[in-house]
Amino acid sequence: MSHEIILAFLFTLFAGLATGIGSLLAFFAKTTNTRFLSFSLGFSAGVMIYVSMVEIFFKAQDSLVSELGEPGGNWLTVGSFFAGMLLIALIDRFVPKSSNPHEPKKVEDMKKNGTKDPDLLKMGVFTALAIGIHNFPEGIATFVSTIQDPTVGLAIAIAIAIHNIPEGIAVSVPIYYATGNKKKAFKLSFLSGLAEPVGAVVAFLLLMPFLTETMFGVIFAAVAGIMVFISLDELLPAAKKYDEAHLSIYGLISGMAVMAVSLLLLM
């Protein structure tokens, strides 16, 4: 197994396990650091948007144009980009709103009172499943990006890891509140994040044998679409809900700037 493939699995595992960090924060932090979450989620969105529109999209376009020529390659790049958006939009469409994993929750929600509410257990389990469904294409995106360019793959893995932290809180809060069992809440939160490396395994088993230059271009363009959709539909709205004094926008700009400088230094 090549160095790039091992690295791709490690990056994807790192991104997925960040849900466990969110779960631990929910257990041990007394209050939610909303300033940190607002800035971090904005930062994550900035990284994803910049790397998608400046790096990933054009690498996909170069691959497809070199294989199919100018008109066909350009059209297929754009079509694949919006197909990636459509895929993640359909996933969102079929996830119940009440179980939306990107609905911000705070550590304080876990400490409202000592009573157990069994009705919340169902919501917590559905939230864990919803996060697993969302994380699956993110795992494919991280894996494929790392295979092509480890620098881009690392940037995406870090950005996804940041946005998985509040998702871990979103799973842990209702499950703990429903059962009073920290171990059960952490376990479900941890398992929901494992959908990312499962996505990487699927990409390795099903996509790698057919990864021609054309196939790579299509997948990479779709990855760009997925990343932009996640940023605009999930990260930025969540960042604004935690927002204090425009921190989410400062985080967005900082993420773009860090990604821009990183790409320039590694050119």
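No experiment lies behind these values; they were computed from the predicted model shown.

Counting secondary structure elements, the protein chain contains 9 helices and 0 strands. Taken from N to C terminus, the helices and strands of the protein chain fall in the order α-α-α-α-α-α-α-α-α. The proportion of buried residues among the 267 residues of the protein chain is 52%. When contacts within the protein chain are restricted to residue pairs at least 6 apart in sequence, long-range pairs at least 24 apart make up 89% of them.

Turning our eyes to something else, we now look at the UniProt feature "binding site: Fe(2+)" (unreviewed entry) in the protein chain. Look at the UniProt record and you will see "binding site: Fe(2+)" (unreviewed entry) annotated at N135, E138, N164, E167 and E196. Spatially, the listed residues are clustered: although they cover 62 residues, their C-alpha atoms lie within 13.7 Å of one another. Relative to the helices and strands, E138 resides in helix α4 (residues 119-148). Accessibility expressed as a relative area gives 0% for E138, which makes it buried. In contact with E138, other than residues within four places in its own chain, are I160, H163, N164, E196 and I230.

Membership of the largest hydrophobic core comes to 50 residues, with the highest contact counts inside it found for M48, I56, F143, I156, M227 and I230. Ranked by the residues each element gives to this core, the list is headed by helix α8 (residues 213-241), at 15 residues. I56 has contacts with V51, S145, V152, I156, F220, V223 and A224, leaving out every residue within four places of it along the chain. A128, V171, I175 and A185 belong to the second largest nonpolar core, which has 5 residues in total.

Moving on to the pattern of salt bridges. Inspection of every chain in the model, using the stated rule, returns 2 salt bridges. The closest approach of N and O atoms between E55 and K59, which form a salt bridge, is 3.3 Å. Residue E55 and its partner K59 are both found in helix α2 (residues 34-68); the two are separated by 4 residues, about one turn of the helix. Taking the relative accessible area as the measure of exposure, E55 reaches 18% and is therefore buried. When the shortest N-O distance is used, the salt bridge between K59 and D149 registers 2.6 Å. Of this pair, K59 sits in helix α2 while D149 sits in the loop between α4 and α5 (150-179), and the two are 90 residues apart along the sequence. Within the structure, one salt-bridge network assembled from shared partners comprises E55, K59 and D149.

The subject of this paragraph is the side chain of S189. Checked against the element boundaries, S189 lands in helix α6 (residues 182-193). Assessed through its relative accessible area of 0%, S189 is described here as buried. Sequence-distant contacts of S189, that is, excluding residues within four places in its chain, are made with T19, G20, S23, G168, V171 and S172.

Right, let's get into the packing of α2 against α8. Running from N to C, α2 and α8 point in directions that differ by 160 degrees, and their axes come no closer than 8 Å. Taken as axis vectors, α2 and α8 run roughly antiparallel relative to one another. Considering the relative orientation of α2 and α8, their crossing is left-handed. In terms of residue class, the contact of α2 with α8 is built from 24 nonpolar, 8 polar and 3 charged.

Here T142 shows up in helix α4. Here the side chain of T142 touches E138 through a polar contact of 2.9 Å, landing on its backbone oxygen. In contact with T142, other than residues within four places in its own chain, are F11, T12, G153, I156, A157, I160 and E196.

What follows deals with α8. For an α-helix, 3.6 residues make a turn, and residues three or four places apart therefore share a direction. Given a rise of 1.5 Å per residue, 29 residues ought to cover 42 Å, and the 41 Å separating the end C-alpha atoms of α8 matches this to within 8%. Maximum bend of α8: about 40 degrees, positioned at S231.

Turning our eyes to something else, we now look at the packing of aromatic side chains. Scanning the model with the defined rule gives 9 aromatic pairs in all. Aromatic pair F57 and F81: ring centres 5.5 Å apart, planes at 85 degrees, arrangement edge-to-face. With F57 in helix α2 and F81 in helix α3 (residues 70-93), this pair connects stretches of sequence that are 24 residues apart. In this pair, the class of F57 matches that of F81, namely buried. Aromatic side chains F216 and F220 sit 4.6 Å apart centroid to centroid with 35 degrees between the ring planes, which places their arrangement in the tilted category. One end of the pair is F216 and the other is F220, both in helix α8 and 4 residues apart, which spans about a single turn. Accessibility assignment for this pair places F216 and F220 in one class, buried. Put simply, the rings of F57, F58, F81 and F82 touch in pairs and so form one group of aromatic residues.

About the thresholds
- Residues numbered from 1 in each chain as written.
- Predicted model: local features only at pLDDT ≥ 70, side-chain atom pairs only at ≥ 80, totals over all residues.
- Heavy atoms only, no water.
- Helix = DSSP H or I, 4+ residues; strand = E, 2+ residues; numbered from the N terminus.
- Buried < 20%, exposed > 50% of the residue type's maximum accessible area, 1.4 Å probe, protein only.
- Contact = heavy atoms within 4.5 Å.
- UniProt positions renumbered as here; feature names shortened; annotations may be inferred.
- Core = buried A, V, L, I, M, F, W, Y, C linked by side-chain atoms within 4.5 Å.
- Salt bridge = Lys/Arg side-chain N within 4 Å of Asp/Glu carboxyl O.
- Axes fitted to C-alpha atoms, helices over the stretch in contact; angles between N-to-C directions.
- Parallel < 35°, antiparallel > 145°, perpendicular 65-115°, else oblique.
- Left-handed = near helix turned anticlockwise from the far one by under 90°.
- Nonpolar A, V, L, I, M, F, W, Y, C, P; charged D, E, K, R; others polar.
- Polar contact = N/O pair within 3.5 Å; in protein donor to acceptor, adjacent residues only side chain to side chain.
- Expected span 1.5 Å × (residues − 1).
- Bend = angle between axes of the 7 residues up to and from the residue.
- Phe/Tyr/Trp six-rings, centres within 6.5 Å; stacked < 30°, edge-to-face > 60°.

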